[in-house]
Amino acid sequence: MASNETPIGVRPFARADGVRLGIVWIVSFALFVGNLHYPVCGTLWLATMIFTPFYVAILTQRYAVNSGENPGYWKCYTHSMLTVCYASLILAVAQWAYFQYLDHGLLVESYASALSDKEFVGRLESMGYPKNMAAEFAETLRKMRPIDMALQFLWSNILAGIIMAFTTALYASAKKRWK
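Residues numbered from 1 in each chain as written. Predicted model: local features only at pLDDT ≥ 70, side-chain atom pairs only at ≥ 80, totals over all residues. Heavy atoms only, no water.

Some remarks on the packing of helix α4 (residues 106–115) against helix α6 (residues 133–143)
Worth spelling out the cut-off: Axes, fitted as lines to C-alpha atoms, cover a helix only where it is in contact. Angles between the N-to-C directions of the axes lie from 0 to 180 degrees. Where helices and strands are cited, they refer to DSSP runs of H or I of at least four residues and of E of at least two residues respectively, numbered from the N terminus. Roughly parallel here means an angle under 35 degrees, roughly antiparallel means over 145, roughly perpendicular means 65 to 115, and every remaining angle is called oblique. Here, residues are in contact when the closest pair of their heavy atoms is within 4.5 Å. For this classification, the nonpolar set comprises Ala, Val, Leu, Ile, Met, Phe, Trp, Tyr, Cys and Pro, the charged set comprises Asp, Glu, Lys and Arg, and every other residue, Gly included, is treated as polar.
For the pair α4 and α6, interaxial distance at closest approach is 9 Å and the crossing angle is 175°. Considered as vectors, α4 and α6 are oriented roughly antiparallel to each other. Note on element contacts: α6 touches α4 through A134, F137, A138, L141 and R142, opposite V108, E109, Y111, A112 and L115. Along the lines of polarity and charge, the residues of the contact of α4 with α6 split into 8 nonpolar, no polar and 2 charged.

Thoughts on the packing of aromatic side chains
The condition that has to hold: Each Phe, Tyr or Trp ring, with Trp reduced to its six-membered ring, pairs with another whose centre is within 6.5 Å; inter-plane angles below 30 degrees give stacked pairs, above 60 give edge-to-face pairs, and intermediate values give tilted ones. In this scheme, a residue with accessible area under 20% of its type's maximum is buried, one over 50% is exposed, and one in between is partly exposed, where area comes from a 1.4 Å probe on protein chains only.
Inspection of the entire model under this criterion finds 15 aromatic pairs. Ring centres of F32 and W45 lie 5.2 Å apart, and the angle between their planes is 50°; this geometry places the pair in the tilted category. Of this pair, F32 sits in helix α1 (residues 6–34) while W45 sits in helix α2 (residues 39–66); the two residues are 13 residues apart in sequence, bridging distant segments of the chain. On the basis of relative accessible area, W45 is assigned to the partly exposed category, the value being 27%. Between F32 and Y111, the aromatic rings sit 6.4 Å apart at their centres with planes inclined by 20°, giving stacked as the arrangement. Of the two residues, F32 sits in helix α1 while Y111 sits in helix α4, which places them 79 residues apart along the sequence. Chaining the aromatic ring pairs together yields one cluster made of F29, F32, W45, Y98, F99, Y111 and F153.

What to know about the environment of A57
Within the fold, A57 resides in helix α2. The exposure class of A57 is buried, given its relative accessible area of 9%. Put simply, A57 and I158 are 101 residues apart on the chain and 16 Å apart in space, counted from C-alpha to C-alpha. Not counting the four nearest positions on each side in its chain, A57 is found in contact with T168 and Y171.

Regarding the nonpolar core
Applied cut-off: Among the buried residues, those of types Ala, Val, Leu, Ile, Met, Phe, Trp, Tyr and Cys that are joined through side-chain atoms within 4.5 Å form a nonpolar core.
Membership of the largest hydrophobic core comes to 24 residues, with the highest contact counts inside it found for L21, W25, F29, V84 and F99. Listing elements by their share of this core, those giving two or more residues are α1, α2, α3 (73–103), α4, α5 (118–126), α6 and α7 (146–178). Apart from residues no more than four positions distant in its own chain, F29 is found in contact with L91, Q95, Y98 and F99. Of all hydrophobic cores here, the second largest spans 6 residues; its members include A64, C76, Y77 and A169.

Any link to function would need more than the numbers given here.
This is the structure:
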């Protein structure tokens, strides 16, 4: 059975790796926003999103090698999950600052205009959705405060990280045994 000190040894590694991942995610978010003006940013944003699980696996595997112990699956899982949680907090602060001070409704209006496109509404109706669903969703987006949007992204990232940690921990704990 693991002692109470087990997670404490993981936290310093996870905090440092969370900062690294948080910086990558801030760049990724900047590329996401840049996609509104420069389509090439969308390709780069997608590349960073695809790269994320591999980067977390590399960070967790590096923790497994450099920790000075032979961490099992659950320690690697804890590291991977904490890394994503710390990175999510850093990204949420950056997203809140962006939405509060820089965006001025640009992102929301871009999505709202896409949702009100007649072709998009027609496709939704052909799939059986109510006629006013897109308009209601656009209105809901317009009512969101910057902190609400940042919290939405925060919880999405944490949930994705919890799920992703299962595979990244498996890779890192198995890779440690390979060496």
